Amino acid sequence: MLVAAEASGDDRGAGLARALKRRLGAGVRFVGVGGQKLAAEGVESPFDIADLSIFGLTEGLFAYAKVLRRADQTAAVAARERPDVAVLIDSWGFTLRVAHRLRRLDPRLPIVKYVAPQVWASRPGRAKTAARWFDLLLTIHAFDAPAFRREGLETLFVGDATLAIDFAAADAEGLRREIGAGPDDPILLVLPGSRPVEIERVMPAFEDAVNRLKPERPGLHVVVPAAPTVAELVKARVAGWPHRAHVVEGEAAKRAAMTAATVALACSGTVTTELALAGCPMVVAYRLAPVTHAILKRLIRTKWVTLFNIAAQDFVAPEMIQDDCNGPALAREVALRLDDPDLRRRQIARQNAALLKMGRGGPDPNEAAADAILELVAKRA
């Protein structure tokens, strides 16, 4: 059973499914919850995971009843299909509630948590909670493991599958031809997130920034990769922009755009690591509900939100959070990078150094995760 409640988890789950298929062949069957990528591996999700694309404390409170219903539906899949192991990917709040139900349903079912809650950043008590409900934790950051091992939870660092993405086949020239851009024309990539609430909160500032940048740079091409979970929302908003922007969909188009881009304006998330891997300098932004931000300011123990910034312990890419996530400020930071090739080169070099600290070039995390899961199942057989 594979359970992923948002786009990044769907991608990670699909990679794990492929690794398990390589080991088990036609004898393995997958059930659970996921998006388009897990569906392609055989997971028939009982609901659209866009319903669970929630971020923030106040948003979580309003969505709590829905989360419980979706957790019940997920447990119903397990009750019907009787999986040999359950792998719950990322999405701490939702997957924890799924774990509660699975444990009541079958106390002997091995439950794996794939991607640790970031206890090094906030709410360290989650380590003890994880030790109570999960049999194995697979972490994507080396610095995750100690806190969970101290609580007695078997924890294995497998690495971040995002770092294994290969951009060698990305067709940057094809993307430029498709949008009518010459080989030296600047391209601004706009990535507003994969959750509906991110489109609602972050997109207005991104739109304002684009509207400020475009008149002064008539040759600037704007490309907006749309995540499957929010594609219709993104297309509807971009259709109303006063300047032309090219919305692209699908993994191949996104990677081509990342390699072709001059600069990216990105919502904080997994996509920032992907951009760094593609060699694209970026400005990172995020906006939370005011109450959520006020509470998290007291809880967060790190001053960075971008993973490669955390690895570097420095603002390699600028982070424009909350009130700083506004059109004028974003336009200013993006303009600096559009207009200064040396600044872009320096930022790319520093991003690459941070990626090495994160584990770039290491063993394939999908393979390590698959081995660990099958070892756990063998122990419990």
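All figures in this text were calculated on a predicted structure; none of them were measured in a lab.

Enquirer: Help me out: how do you make sense of the overall build of the chain in this one?
Expert: Within the chain, the regular secondary structure consists of 17 helices and 12 strands. Here the C-alpha radius of gyration of the chain, 21 Å, is about what a compact globule of 381 residues would show, namely 21 Å. Taking the principal axes of its C-alpha atoms as reference, the chain extends roughly 65 × 45 × 40 Å. Considering the chain as a whole, with its 381 residues, one finds that 56% of them fall into the buried category. Here the contacts in the chain between residues at least 6 apart in sequence split such that 69% fall between residues at least 24 apart. Summed over all atoms, the accessible surface of the chain reaches about 16,600 Å², with 52% contributed by carbon and sulfur. Across the chain, the 51 positively charged side chains and the 45 negatively charged ones have centroids separated by 5 Å.

Enquirer: I tried to follow the packing of aromatic side chains on my own but got confused; where do I start?
Expert: Any aromatic ring pair is given by two values, namely how distant the centres are and how the planes are angled relative to each other. Summed over all chains, the structure comprises three aromatic pairs. Relative to Phe-94, the ring of Phe-47 lies with its centre 6.5 Å away and its plane at 90°, an arrangement referred to as edge-to-face. Of this pair, Phe-47 sits in the loop between α2 (36-40) and α3 (57-62) while Phe-94 sits in helix α5 (residues 92-105); the two residues are 47 residues apart in sequence, bridging distant segments of the chain.

Enquirer: Would you mind showing me how to read the sheet that holds strand β3 (residues 86-89) here?
Expert: Sheet strands pair by backbone hydrogen bonding; their relative direction is either parallel or antiparallel. Read across the sheet, six strands follow the order β2-β1-β3-β4-β5-β6 without closing on themselves; strand pairing throughout is parallel. The open sheet has two edge strands, β2 (32-33) and β6 (155-157), and neither has a second partner. Pairing of strand β5 (residues 136-139) with β6, which is carried by three bridges, proceeds in the parallel orientation. The residue of β6 that forms the bridge with Leu-137 is Thr-155.

Enquirer: Is there a simple way to think about the nonpolar core in this case?
Expert: One recurring pattern in soluble globular proteins: nonpolar side chains tend to sit buried together. Core analysis: the biggest nonpolar cluster contains 37 residues, and Leu-175, Leu-189 and Leu-275 have the highest contact counts within it. Secondary structure elements with two or more residues in this core: α8 (172-179), β7 (187-191), α11 (251-260), β10 (263-267), α12 (270-277), β11 (282-286), α14 (307-312) and α16 (341-358). When near neighbours in sequence (up to four residues on either side) are disregarded, Leu-175 contacts Ile-187, Val-223, Val-248, Ala-256, Ala-257 and Ala-260. Counting residues in each nonpolar core, the second largest holds 36 residues, with Val-190, Val-224, Val-230 and Cys-267 among its members.

Calculation rules
- Every chain is numbered on its own, with residues counted from 1 as its sequence reads.
- Residues qualify for local features only when their pLDDT is at least 70, as the model is predicted, and side-chain atom pairs are given and counted only at 80 or more; totals for whole chains, interfaces and linings, by contrast, use all residues.
- Only hydrogens and water are set aside when side-chain values are computed; all heavy atoms of the structure are taken into account.
- A run of DSSP states H or I qualifies as a helix once it reaches four residues; a run of E qualifies as a strand once it reaches two. Both are numbered from the N-terminal end.
- Every radius of gyration here is taken over C-alpha atoms, with the globule rule written as 2.2 Å times N^0.38, N being the number of residues.
- For every residue, the accessible area obtained with a 1.4 Å probe (protein chains only) is divided by the maximum for its type, and the residue is called buried under 20%, exposed over 50%, and partly exposed between those limits.
- Note on definitions: a residue-residue contact is assigned when non-hydrogen atoms from the two residues lie within 4.5 Å.
- Areas reported here follow the Shrake-Rupley algorithm with a probe of radius 1.4 Å; residue values treat only the protein chains shown as occluding.
- Two residue types count as positive, namely Lys and Arg, and two as negative, namely Asp and Glu; His and chain ends fall outside the count.
- Charge placement uses NZ in Lys and CZ in Arg. For Asp and Glu, CG and CD serve respectively.
- Pairing of aromatic rings covers Phe, Tyr and the six-membered ring of Trp, with a centre-to-centre limit of 6.5 Å; geometry is then stacked below 30 degrees between planes, edge-to-face above 60, and tilted otherwise.
- A pair of strands is labelled paired if DSSP reports no fewer than 2 bridges between them.
- To qualify as a nonpolar core, a set must consist of buried Ala, Val, Leu, Ile, Met, Phe, Trp, Tyr and Cys residues joined through side-chain atoms within 4.5 Å.

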